[in-house]
Amino acid sequence: MTPVEQLRTTLAALNLTQIDARLEGLLENAAKKEPSYADFLLEVMNTEADARRQRYLKARLQLAHLPYVKTFDQFDFAFQPSIDERQIRELRTLRFVHEASNVILLGPPGVGKTHLAVSLAPKVLIIDEMGYLPLDDLGATIFFQLISARYERGSIILTSNKSYGEWGSIFGDPIIATAILDRLLHHSTTINIRGESYRLKDRRKAGLIAPPVQQEEEPSLTTGSRGKRRSL
């Protein structure tokens, strides 16, 4: 058995499948460039590590049951000028996750709330289209318990087409709505997206549907990790 054959047997025993798949290319590249032993070993190990990271990410995305996979590169910020890209870049650092802060995305249907939420989906709880249907008393109570359980322990990304002033009608009780908002907004960033539906832009451009009705703007709020709410 040749050394390469022995190496393949060892790689198979250790389940280092990606190194095995790229073995010939790695050896040929090393013969041409003559890297140091440490550099060659680093390249070999990174080959397997990168593949495992990709498999891990794919598995996590499947377990998350996201409606689709979207990235920030796919988002048309030019179509939604109401969004502050600097604010989005700050969220992309994921500092809010380490601080157990929340992100609330408000706006009418089709403006990209879910796209941004999915793009920000590391280790967080995503609640999409809050207020799409009203909740009964039991649903409101369970939702309050969920928000309370996550408060200062884990981040929430929430999207809704309802302004905060309408949340009393969602839960059927302004008192419980206030209690939920108090915990949800204590450490949070609110992004209010004002614009047209991206999904309907082509039909609107062709004159097939009427222009959207201008909605009342929800104030943009940001809170510090342990500070009071403040208006921006």
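Right, let's walk through the structure included here. (Residues numbered from 1 in each chain as written. Predicted model: local features only at pLDDT ≥ 70, side-chain atom pairs only at ≥ 80, totals over all residues. Heavy atoms only, no water.)

Comments concerning the overall build of the protein
Put simply, the rule is: Each helix is a run of DSSP H or I of at least 4 residues and each strand a run of E of at least 2, with the numbering of both proceeding from the N terminus. Three labels apply to residues, based on accessible area from a 1.4 Å probe with only protein chains included: buried if under 20% of the type maximum, exposed if over 50%, partly exposed otherwise in between. Contacts between residues were defined by any pair of non-hydrogen atoms, one from each residue, lying within 4.5 Å. To be clear on the numbers: accessible area is Shrake-Rupley with a 1.4 Å probe, and residue cover counts the displayed protein chains and nothing else.
A tally of helices and strands in the protein yields 11 helices and six strands. Counting across all 232 residues of the protein, residues that qualify as buried make up 34%. Intrachain contacts of the protein at a sequence separation of at least 6 include 74% that bridge at least 24 residues. Here the protein has roughly 14700 Å² of accessible surface; of this, 55% comes from carbon and sulfur atoms.

Section: the pattern of salt bridges
Heads up, the condition is: Salt bridge, as used here: a side-chain nitrogen of Lys or Arg that lies within 4 Å of a carboxyl oxygen of Asp or Glu.
On inspection of all chains with the given rule, the structure shows eight salt bridges. A salt bridge links E99 to R95; its shortest N-O distance comes to 2.8 Å. We classify E99 as partly exposed; its relative accessible area is 22%. The class for R95 is partly exposed, based on a relative accessible area of 44%. Through salt bridges with shared partners, a single ionic network connects R8, D20 and E24.

Let's talk about empty space enclosed by the protein
Our working rule: The pocket and cavity definitions rest on a 1 Å grid over protein atoms only: a 1.4 Å probe that fits but cannot leave marks a cavity, an open set with protein on both sides within 12 Å along at least five of seven lines marks a pocket, and residues lining either have an atom within 4 Å of a point. Grid points are joined across faces, edges and corners, and a volume is the space filled by probe spheres set on the points.
Evaluation of the coordinates by the stated rule reveals one cavity of 30 Å³ or more. Size it by volume and the largest cavity reaches roughly 30 Å³. As for the largest cavity, its lining consists of A100, N102, I147, R150, Y151, E152, I156, R183 and L184. Secondary-structure elements contributing two or more residues to the lining of the largest cavity are α8 (137-150) and α10 (174-186).

Remarks on unusual backbone geometry
A positive phi is found at E34, a non-glycine position, where the angle reads about 50°. Relative to the helices and strands, E34 resides in the loop between α3 (23-33) and α4 (37-64). Look at E152: it is not a glycine, yet its phi comes out positive at around 60°. Among the secondary structure elements, E152 is positioned in the loop between α8 and β3 (156-160). By relative accessible area, E152 is classed as partly exposed at 34%.

All quantities given are derived from atomic positions and should not be read as evidence of function.
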